[in-house]
Amino acid sequence: MRENKWVTVYIAGDSTAANYPEDKRPMSGWGEWIASYLTDEVRVSNRARNGRSSKSFIAEGHFERIASSIGEGDYLLVQFGHNDEKPDEERHTDPGSTYEEHLTRYIEMAWSKGAYPLLLTSVERRKFNEAGELVPSHGDYPAAVQRLAQKLEVPLLDLCSRTQEAYRKLGAEASKAWFVWLEPGEHPNYPEGERDDTHFNEHGAKKVAGLVAEALAASNSPLAGYVKAGAVG
């Protein structure tokens, strides 16, 4: 029995899921908006941090801070990959070995606390070629998450495939509306403008949060039961 009626959903991840201060707006992460798709019994504790990989998130102590507060019946959503791809030693992991090893630590920690882990593949970047075709940017990292989820029998939310499908439907030009694409002088936080195909604006982050909720609703996780009726689909 839980001591209270609340269920807490913890998010361990990178900048695509993180919360943002006002001086970075309209940049936004999907973790800021996922609560709007979940029932009132759920509280979201978004611990995602900009620039972190599955490795550096642990090294900097963010992992342990989650471990110290997550409890029985809570949930842990784990989404890395963007920065695991970076070449620097502090963040880089290999999708065939160390990436899976680090992700396994998150899963085992959640289990040890009586919580439910869920693995998420990385959201895709907005990258189209001259023919207007979306170019996948994450290499073997999404497949590594899929393998690990299957091996450890952990629910998988395939955000990589879902965001790819969304960008393809929108097309090269319309998909800019999900990202921080700004003309010079358009926003006071970015006076010189911005062309960012990785980080979402508030509109895009809300849309991606909806994709997370859709994946949750279709998953075999008990968290599916906390997705608001009519919120997705």
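Residues numbered from 1 in each chain as written. Predicted model: local features only at pLDDT ≥ 70, side-chain atom pairs only at ≥ 80, totals over all residues. Heavy atoms only, no water.

### Digging into the layout of surface pockets
- Empty space within the largest pocket amounts to approximately 180 Å³.
- Every residue lining the largest pocket is listed: Arg162, Glu165, Ala166, Lys169, Leu170, Trp178, Lys207, Gly210, Leu211 and Glu214.
- Among the elements of the structure, helix H5 (159–174) and helix H6 (202–217) are those that each provide at least two residues to the lining of the largest pocket.
- The greatest single-element share of the lining of the largest pocket, amounting to five residues, is contributed by H5.
- Partitioned by chemical class, the residues of the lining of the largest pocket number four nonpolar, one polar and five charged. (1 Å grid on protein atoms, 1.4 Å probe; cavity = no way out; pocket = protein on both sides within 12 Å on 5 of 7 lines; lining within 4 Å. Points joined across faces, edges and corners; volume = space filled by probe spheres on them. Helix = DSSP H or I, 4+ residues; strand = E, 2+ residues; numbered from the N terminus. Nonpolar A, V, L, I, M, F, W, Y, C, P; charged D, E, K, R; others polar.)

### Thoughts on the side chain of glutamate 124
- Considering the arrangement of structural elements, one finds glutamate 124 in the loop between strand S5 (116–120) and helix H4 (141–152).
- In terms of polar contacts, glutamate 124 uses its side chain to reach the side chain of serine 137, at 2.5 Å.
- Looking at glutamate 124, its side chain comes within polar contact range of the side chain of glutamine 164, at 2.8 Å.
- Setting aside residues up to four positions removed in sequence, glutamate 124 forms contacts with Leu134, Pro136, Ser137, His138, Cys160, Thr163, Gln164, Tyr167 and Phe179. (Polar contact = N/O pair within 3.5 Å; in protein donor to acceptor, adjacent residues only side chain to side chain. Contact = heavy atoms within 4.5 Å.)

### A look at the pattern of salt bridges
- Under the definition given, this model contains 12 salt bridges.
- Between glutamate 60 and arginine 52 there is a salt bridge, and its shortest N-O distance comes to 2.7 Å.
- Taking the relative accessible area as the measure of exposure, arginine 52 reaches 23% and is therefore partly exposed.
- Of the charged contacts, one joins glutamate 85 and arginine 125 as a salt bridge, the two residues approaching to 3.2 Å between their closest N and O atoms. Here the residue glutamate 85 occupies a position in the loop between strand S4 (75–79) and helix H3 (98–112), and arginine 125 occupies one in the loop between S5 and H4, the gap between them amounting to 40 residues.
- Residue glutamate 85 is classed as partly exposed on the basis of its relative accessible area, which comes to 22%. (Salt bridge = Lys/Arg side-chain N within 4 Å of Asp/Glu carboxyl O. Buried < 20%, exposed > 50% of the residue type's maximum accessible area, 1.4 Å probe, protein only.)

### Some remarks on H4
- Across its 12 residues, H4 extends 17 Å between first and last C-alpha, which sits within 8% of the 16 Å expected from 1.5 Å per residue.
- Tyr141, Pro142, Ala144, Val145, Leu148 and Ala149 are the residues of H4 that are buried. Each buried residue of H4 lies within a common arc of 160° when the element is viewed along its axis, so the set occupies one face. Exposed positions of H4 whose direction lies more than 90 degrees from the buried face are Gln150 and Lys151.
- A positive phi of about 55° marks glutamate 153, the residue just after H4. (Expected span 1.5 Å × (residues − 1). Arc of directions from axis to C-beta.)

### Digging into the pairing of S4
- Across the five residues of S4, five count as buried, placing the element largely inside the fold.
- In terms of strand pairing, strand S1 (residues 7–13) meets S4 through five bridges, oriented parallel. Paired with alanine 12 across the bridge in S4 is valine 78.
- With five bridges connecting them, S4 and S5 associate as parallel partners. In the strand pairing of S5, valine 78 is matched with leucine 119.
- In terms of handedness, the path from S4 via H3 over to S5 forms a crossover that is right-handed. (Pairing = 2+ DSSP bridges. Right-handed = clockwise from strand over helix to strand, strands pointing away.)

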